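# What the coordinates show
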Amino acid sequence: MDKIFIEGFTLFARHGVHPEEAVLGQRFVFDVGLQLDLAPAGRSDHLADTVDYGAVMARIAQVAEKRHCRLLETLAEAIVQDLLEAFPRVQEVRLRIHKPAAPVPGTFSSLGIEITRERAR
């Protein structure tokens, strides 16, 4: 299966367990991989035969900026389900959410989660 990917898409949002995260907010970084058949677009050279990267980013931003989730797991699930619903050509979505400034002790460049969901067959 072919893949469209977007890496390092950065947004400011308010998610987290700690009350100050909901008030102050922080930066989140999203990596998304969409599995689908890209052969039709390769043959036709028409956007209608693939998935518009900008539309994917707009949907991620809409979910991430509209909702407040305590857990990254909840945010990721909401985004992935929205993408599967919005883009019927997509068969599988892999989403990584990085929280580079998470308020946890220790030194790290980023922490986060990754989930993969397939379209129900």
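Residues numbered from 1 in each chain as written. Predicted model: local features only at pLDDT ≥ 70, side-chain atom pairs only at ≥ 80, totals over all residues. Heavy atoms only, no water.

### Some points on the environment of R43
Note on placement: R43 falls in helix α2 (residues 39-44). Classification of R43 as exposed rests on a relative accessible area of 67%. Each C-alpha atom of the pair R43 and L71 lies 42 Å from the other, and the pair is 28 residues apart in sequence. (Helix = DSSP H or I, 4+ residues; strand = E, 2+ residues; numbered from the N terminus. Buried < 20%, exposed > 50% of the residue type's maximum accessible area, 1.4 Å probe, protein only.)

### Here's the deal with the sheet that holds strand β3 (residues 92-98)
If you walk across this open sheet you meet the 4 strands as β1-β2-β3-β4, and the pairing is antiparallel. A strand with exactly one partner marks an edge of an open sheet, and here the two such strands are β1 (2-13) and β4 (112-118). Going from strand to strand, the sheet's axes swing by 15° on average, the running direction of each strand aside. Contacts from helix α3 (residues 53-66) reach β1 and β2 (26-36) within the one sheet, and its direction differs from that of β1 by about 40°. Sheet contacts for helix α4 (residues 72-86): β2, β3 and β4; angle to β4, the most-contacted strand, approximately 30°. (Pairing = 2+ DSSP bridges. Axes fitted to C-alpha atoms, helices over the stretch in contact; angles between N-to-C directions. Contact = heavy atoms within 4.5 Å.)

### Describing the packing of aromatic side chains
For any two aromatic rings, the description comes down to two numbers: the centre-to-centre distance and the angle of the planes. Applying the stated criterion across every chain yields a total of 1 aromatic pair. The interplanar angle of 45° and the centroid separation of 6.4 Å between the aromatic rings of F9 and F30 together place this pair among those described as tilted. One end of the pair, F9, is in strand β1; the other, F30, is in strand β2, and 21 residues separate them in sequence. Summarising the burial analysis for this pair, F9 and F30 share the class buried. (Phe/Tyr/Trp six-rings, centres within 6.5 Å; stacked < 30°, edge-to-face > 60°.)

### A look at the packing of α3 against α4
Look at α3 against α4: their axes get within 10 Å of each other, and the N-to-C directions meet at 140°. If you check the angle between α3 and α4, you find them oblique. Of the two elements, α3 crosses α4, and the hand of that crossing is right-handed. Residue-level contacts link V56, R59, I60, V63 and A64 of α3 to L75, A78, I79, D82, L83 and A86 of α4. (Parallel < 35°, antiparallel > 145°, perpendicular 65-115°, else oblique. Left-handed = near helix turned anticlockwise from the far one by under 90°.)

### Here's the deal with α4
One full turn of an α-helix is made of 3.6 residues, so residues set three or four places apart face in the same direction. Between its first and last C-alpha atoms α4 spans 21 Å; for 15 residues at 1.5 Å apiece the expected length is 21 Å, and the two agree. Three or more residues of α4 are buried, namely L72, L75, A76, A78, I79, V80, D82, L83 and L84. Its buried side turned inward, α4 meets β2, α3, β3 and β4. (Expected span 1.5 Å × (residues − 1).)

### A closer look at α3
Taking 1.5 Å per residue, 14 residues should reach 20 Å; α3 reaches 20 Å between its end C-alpha atoms and fits that length. If you check which residues of α3 are buried, you get V56, I60, A61, V63 and A64. Here the buried face of α3 lies against β1, β2 and α4.

Everything listed here is a matter of coordinates, which is why it stays silent on function.
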